[in-house]
Every structure is written in C-alpha cells, then in structure tokens.
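If you want the building blocks of each chain, they are given just below.
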Amino acid sequence: MVDDPRTPAAGLPLRLAEDDLERPSSARVYDFLLGGTSHGAVDRHLGRELVDAEPLVVPIVRENRSFLRRAVTFLAHAGIDQFLDLGSGIPTMGNTHEVARRVVPDARVAYVDVDPVAVAHGELLLGRTTGVTVSRGDLRRPDEVLDTPAVRDVLDLDRPVGLLMFSVLQHVPDDEEARAVVASYLSLLVPGSALAVSHLSGDDPRVDIGALRRLSTAYPRGAITPRSAGELAGIVAGVDLVAPGLVFAAQWRPEPRRTGDLAGEPCCGHRAAVGFVPAE
C-alpha cells in the first residue's frame, strides 16, 4: 500500500485545522528520520526524499539527538534542574525530561514549538506528566514565550534555566534576527543559566546542504538557513562556552565506545556548543 500524503498521523485531536496536516512539518519529518511513530504520510514522503537526496541525513539527525542527550546530561550534572526546550518538536525518542531526570529526578521541562501538530502530539504523549508542559509559541518572541502560562507553570525564572535550541535556529532566516533572539532570551534569564545550541552547518563539505535546503522549501515556513561556524559563533557570543567550544556535534564531549575508544571520524551536518550566562 502506498501512503496517501494527505493521511494524518493517527491519534491526533480533531481540533487541528486541515491545512495543519496537508504540508510536512520539520518536527514530524525529524521524528520520521529518527525512527519514531509520530508523523503522517506527508512527512514520510518528504523524509524519504531527503534521504534519497542526501543519505547522510539520517546520521545527521541521530547525531544531533545524541548531542541533546550529552548536553542535557552535562547541564543536569552542572546543577541545572529546569529546562526551556525551544523548537522542541515531538517529545519522543529520548526526550529532554527523560534525559534530565536520569540525573535530577524532579527536573522540570517546558517544551515549546510553533507547529500545532507537534504540540498536539506532545500533549497526547506527555499526558499529565508532572513538572512537564508543552505549549505552542514562536521562539522569535521571547517575552511572549516566557510569559506563556504553561512555561510559567513549570519554570522559576528567578533561578537558572537551561535554554535549549537544538536544530531550530536554521528556521530563522535572518542572521541579525537570529542573533537578537538568542541575546534577548539570555538577557531575560538569570546568571548561571545555560544555552545549548545545535545548528545545521553551511560549511561542511561532506553534506549536500543545497539539496537539503531545496527540499526544505516544502515546510510551511520556507527553506532552512544553514550557517557557517563563524556565523554561529556570533549567535552564541553571549555565553561563556565550555570545552571543547563550538565544534561539530559529534565532537562535543563524545561518549566512549564500549571498547573504551572514543568515537572515530565524527558525522556531520550540525555544529554545536554549550555555555553559561556570565555573572553581571
């Protein structure tokens, strides 16, 4: 049986508008590439096109997910016990609160995404999980996001927060706006807060970025905007980066293999960094 691209993912609330399901969502395509189940036929269709155009796309998204796990674990060990996950997508397949709670059992997480279908999936998957919320919001409006009741319900903004921006800033096409958005969040968080960011690289010769960018025009909000290491460095300039600094995601504190050897040649696609908001 061939997928009908209009077929929605099963189990979604009926309140969603039909046009929310007619075009692929980056969150749902990402879930498909990770091997999840929270996506529809239209998302699988684009996901397969992406794999055909650039076979490295699956290792790219898996390494980005691995970076999420390592970064959140690091921050939890560093004393961060509450997280704001922007552009969180669908909270499945090794999500932030599960990772954080392996270290801090009562860690609190506010997931925020602009995609109504991803939010609906999140509500369905999370149910009444204590200390975790999911809400719809546009990350380009920091004041509105931080004032959302679902965010306020779980985060105490008078204490340090782990601000997570995994593979989402490439959906903000203007460089100046991307820098301003990050700077605004950092200005609203107390010293000791942290930023963890990954971003699709525009200067990785191993990846056909042009093909990924062309296919991403299918997303409702348009094509992604990959950025170079230098451009991303400007975006994260407001925090004190921890070692190893701004590197490819696979190079950021890689986990040892079972043999005890560190992972060899890193994969590709995303650059990543983690840093703390300095004291005033």
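Heads up: these notes are all about the structure in this document. Treat the numbers as computed from the prediction; the structure is a model and nothing was measured.

Once that is clear, we can look at the overall build of the chain. Of regular secondary structure, the chain possesses eleven helices and eight strands. For the chain, buried positions account for 53% of its 280 residues. Pairs at least 24 residues apart make up 74% of the contacts formed inside the chain by residues separated by at least 6 positions. Of the accessible surface of the chain, which amounts to about 12,600 Å², a share of 51% is contributed by carbon and sulfur atoms.

On to the packing of helix α2 (residues 26-34) against helix α3 (residues 41-53), then. Two quantities define a packed helix pair, namely the angle between the helix axes and the distance between the axes. Relative to each other, α2 and α3 sit at 65°, their axes nearing to 9 Å. Judged by the twist between their axes, the crossing of α2 over α3 is right-handed. Note on element contacts: α3 touches α2 through V42, D43, R44, L46, G47, R48, L50 and V51, opposite R28, V29, F32 and L33. Looking at the contact of α2 with α3 residue by residue, the classes come out as seven nonpolar, one polar and four charged.

What follows concerns the pairing of strand β1 (residues 82-86). Counting buried positions over the five residues of β1 gives five, a clear majority of the element. What you see with β1 is no split at all: Q82, L84 and L86 on one side and F83 and D85 on the other are buried throughout. Here β1 pairs with strand β2 (residues 108-113) via five bridges, running parallel. Looking at the pairing, L84 lines up with A110 of β2. Summarising the sheet, β1 and strand β4 (residues 162-166) pair through three bridges and their orientation is parallel. Along β4, the bridge assignment pairs D85 with L164.

What counts, and at which threshold
Residues numbered from 1 in each chain as written. Predicted model: local features only at pLDDT ≥ 70, side-chain atom pairs only at ≥ 80, totals over all residues. Heavy atoms only, no water. Helix = DSSP H or I, 4+ residues; strand = E, 2+ residues; numbered from the N terminus. Buried < 20%, exposed > 50% of the residue type's maximum accessible area, 1.4 Å probe, protein only. Contact = heavy atoms within 4.5 Å. Areas by Shrake-Rupley, 256 points an atom, 1.4 Å probe, with all protein chains shown as cover. Axes fitted to C-alpha atoms, helices over the stretch in contact; angles between N-to-C directions. Left-handed = near helix turned anticlockwise from the far one by under 90°. Nonpolar A, V, L, I, M, F, W, Y, C, P; charged D, E, K, R; others polar. Pairing = 2+ DSSP bridges.

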